[in-house]
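# Inside the fold
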Amino acid sequence: MAKTKELSKDTRNKIVDLHQVGKTESAIGKQLGLKKSTVGAIIRKWKTYKTTDNLPRSGAPRKISPRGVKMITRTVSKNPRTTRGDLVNDLQRAGTKVTKPTISNTLRRQGLKSCSARRVPLLKPVHVQARLKFAREHLDDPDEDWENVIWSDETKIELFGKNSTRRVWRTKNAELHPKNTIPTVKHGGGNIMLWGCFSAKGPGRLIRVKERMNGAMYREILSENLLPSARALKMKHGWVFQHDNDPKHTARATKEGFRKNHFKVLEWPSQSPDLNPIENLWRELKVRVAQRQPQNITALEEICMEEWAKIPATVCENLVKTYRKRLSSVIANKGYITKY
């Protein structure tokens with residue numbers, strides 16, 4: 001049976017007014033175009049409760065008592081990786097039998113929902129302090145300084161499949177709290193590895209790394225691609241190169257190469273992908289590549305190169321222009337990983 005449309009408050013009040021002046025239910029129904037039974041129900045409600053407002057609906061009673069709600073909320077707050085099955089068992093031991101959907105609905109009313117745990121770098125206290133130090137020291141740097149930086153990194157792009165996920169219970173905007181994330185290490189494998197760089201003026205060179213990269217290979221990549229990228233991007237005198245603290249990047253021979261070529265290198269806090277805007281550019285590239293659905297490794301490499309070259313300079317410019325916000329976010333998050 002279809003649900004009837006609820007009468008407006010004005011209509012309900014008009015029914016009562018007409019009743020009070022002596023009109024019958026039939027006459028009121030004809031005048032307002034309503035059924036006699038509908039008019040009668042409104043009048044009886046008014047006589048009983050002295051109001052035409054909607055009364056609270058009782059509905060079905062909650063399966064989980066307030067005490068049970070507190071118990072499971074406290075459990076997932078302490079351990080967000082608790083499963084619905086665990087909570088069902090906890091409640092059953094306490095004498096309450098519920099289903100997994102009931103658990104989900106109850107926690108959702110408490111502002112908690114099941115989400116995939118974000119994978120973030122494992123941060124030790126020394127990393128947190130280094131990140132805070134970097135953010136505070138550079139927070140007031142002028143935008144022009146960041147525009148004269150060449151940002152770089154490596155990334156992997158997979159042809160098929162996706163990484164496994166783990167679900168956690170969390171509140172809105174708490175996806176990066178350490179309890180709600182999965183610590184990862186860099187480059188756990190993949191079908192194609194890339195090195196690339198960019199500045200506020202646009203993408204630099206993108207290179208496929210066909211073998212397992214070591215220090216010598218990294219220095220060869222830089223010698224063949226860093227200066228050409230700087231020239232193509234028309235970097236100003238005194239430009240600065242950024243890379244992370246991977247052992248290949250911080251090797252003595254690599255540092256000596258920078259010194260001999262008079263390259264300025266940005267001092268970088270370890271485990272800080274959120275501070276490197278190239279991560280956003282990698283995401284942009286991966287979305288573009290996925291849309292083209294390459295079918296083999298050769299096509300994957302070709303499409304990566306094509307789509308990298310198509311990324312507009314304005315995208316790069318905006319990533320660098322908002323760099324101060326990244327630093328502010330790290331400070332506000334007390335050194336922990338932020339959204340990027």
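These numbers were taken from a predicted model, which means no experiment stands behind them.

Averaged over all residues, the pLDDT of the protein is 90; the fraction at 70 or higher stands at 93%. Between the elements of the protein, mean pLDDT differs from a low of 63, seen in strand S5 (residues 181-184), to a high of 98, seen in strand S8 (residues 240-242). Counted against residues more than four places away or in other chains, residues 185-189, with its pLDDT under 50, gives 7 contacts.

Another aspect to go through is the pattern of salt bridges. Once the charged atoms of two side chains with opposite charge are near each other, the side chains can pair. Following the criterion strictly, the structure yields 14 salt bridges and no others. The partner of Arg324 in a salt bridge is Asp143, with the nearest N and O atoms 3.6 Å apart. Within this pair, whereas Arg324 is found in helix H15 (residues 323-332), its partner Asp143 is found in helix H8 (residues 143-147), the two being separated by 181 residues in sequence. Salt-bridge contacts for Arg208 lead to Glu301; the nearest nitrogen and oxygen are separated by 3.1 Å. Of this pair, Arg208 sits in strand S7 (residues 202-209) while Glu301 sits in helix H13 (residues 297-310), placing them 93 residues apart in sequence. Under the relative-accessibility criterion, Glu301 is labelled partly exposed at 22%. What you see here is one network of salt bridges that share partners, running through Glu284, Arg288, Arg292, Glu306, Glu307 and Lys310.

Attention now goes to the domain arrangement of the protein. By domain assignment, the protein separates into domain 1 (9-49), domain 2 (66-110) and domain 3 (125-163 + 187-333). The distance between the C-alpha centroids of domain 1 and domain 3 comes to 73 Å.

The rules we used
Residues numbered from 1 in each chain as written. Predicted model: local features only at pLDDT ≥ 70, side-chain atom pairs only at ≥ 80, totals over all residues. Heavy atoms only, no water. pLDDT = per-residue confidence, 0-100. Helix = DSSP H or I, 4+ residues; strand = E, 2+ residues; numbered from the N terminus. Contact = heavy atoms within 4.5 Å. Salt bridge = Lys/Arg side-chain N within 4 Å of Asp/Glu carboxyl O. Buried < 20%, exposed > 50% of the residue type's maximum accessible area, 1.4 Å probe, protein only. Domains from an automatic or database assignment.

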